[in-house]
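Summary of structural features
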Amino acid sequence: MTPGRDELVRVDCDGRVGVVLMNRPKQLNALSGELMGAVVSALRELDADSEIRAIVLGGGERAFAAGADIGELAAGTPISLYESRRIDQWDTIRDLRTPLVAAVSGFCLGGGCELAMLCDVIVASESAKFGQPEINLGVLPGAGGTQRLTRAVGKAVAMDMILTGRMLSAREALGLGLVARVVAKEAWLDEAKRVAREIAAKAPVAARLAKEAIDQAFETPLAAGIAFERRAFYLARASEDAGEGLQAFVEKRAPDFKGR
């Protein structure tokens, strides 16, 4: 890994897969404003690289991210928090075009859980713990937790987690649809990279359009989502990659997608 800005993130490229690892191990990757700035900067840079077709975002073995930086939160005022617009950075992650895989090991709590839910696929170690325990501090999730968690696990479980601070094990999170895959404790990063490589091998135009269409399923009525999907399908069919993929199938060979 090559060091990221101020060593807060480590960034590497593994073929067509970009890897961003948060690096505040003593603080269990508590999401300070500086760390979030470094994460967003690294993700944006990889998203703009035409050679990168999937990105992995991870932390360490003990924690993906254990929540917000409580010291910063305690020192802030309502106005300073509003004026800093730090939470607005999260919109940048939501708007990434490149598919994003979260590699989660250990604690994934509060802002960490919200950050993982911004990713397109969550691969979790069997050691992972998911939760939104902000209620224990007298506040509530502020970076999308009440909305995305409810859409992921349903109202009943989201109410339970957010109102009591309950944490989910990796297996519980898998059963409820919060994560896509659970793997052995030692395989959390390797499996996330493997999934990302699998995505990166597909047609980039189709993958990006599919990502957008699935996001629409959460944010629009069914009829509007279907209309979006239809337009996305036609756009994908117009790509050179679609012609290559269809021809490769007919010729019984592996396709060579160019991202055009």
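Quick look at the structure, then. (Residues numbered from 1 in each chain as written. Predicted model: local features only at pLDDT ≥ 70, side-chain atom pairs only at ≥ 80, totals over all residues. Heavy atoms only, no water.)

Turning our attention to the overall build of the protein. A count of helical and extended segments in the protein gives 12 helices and 11 strands. Its C-alpha atoms give the protein a radius of gyration of 19 Å, within 12% of the compact-globule value 18 Å for 260 residues. Seen through its C-alpha atoms, the protein measures out along the principal axes to roughly 60 × 45 × 40 Å. Pairs at least 24 apart in sequence give 65% of the contacts found in the protein among residues at least 6 apart. As presented, the protein carries roughly 13,400 Å² of accessible surface, and 56% of it is formed by carbon and sulfur atoms. In the protein, 33 side chains carry a positive charge and 35 a negative one; their mean positions are 3 Å apart. (Helix = DSSP H or I, 4+ residues; strand = E, 2+ residues; numbered from the N terminus. Rg over C-alpha atoms; globule rule 2.2 N^0.38 Å. Contact = heavy atoms within 4.5 Å. Areas by Shrake-Rupley, 256 points an atom, 1.4 Å probe, with all protein chains shown as cover. Lys, Arg positive; Asp, Glu negative; His and termini not counted. Charge placed at Lys NZ, Arg CZ, Asp CG, Glu CD.)

Along the chain, Arg 24 turns up in the loop between β3 (17–22) and α1 (33–47). A polar contact is formed between the side chain of Arg 24 and the backbone oxygen of Ala 30, at a distance of 2.8 Å. (Polar contact = N/O pair within 3.5 Å; in protein donor to acceptor, adjacent residues only side chain to side chain.)

On any regular strand, side chains alternate: one points to one face of the sheet, the next to the other face. For strand β4 (residues 54–58), the buried fraction is high: five of the five residues fall into the buried class. Pairing of β3 with β4 involves five bridges; the strand directions are parallel. By the bridge assignment for β4, Val 20 is matched with Leu 57. Between β3 and its parallel partner β4, the chain crosses via α1, and the hand of that crossover is right-handed. When β4 meets strand β6 (residues 100–104), the two strands line up parallel, connected through four bridges. Across the sheet, residue Ile 55 finds its bridge partner in β6, namely Leu 100. (Buried < 20%, exposed > 50% of the residue type's maximum accessible area, 1.4 Å probe, protein only. Pairing = 2+ DSSP bridges. Right-handed = clockwise from strand over helix to strand, strands pointing away.)

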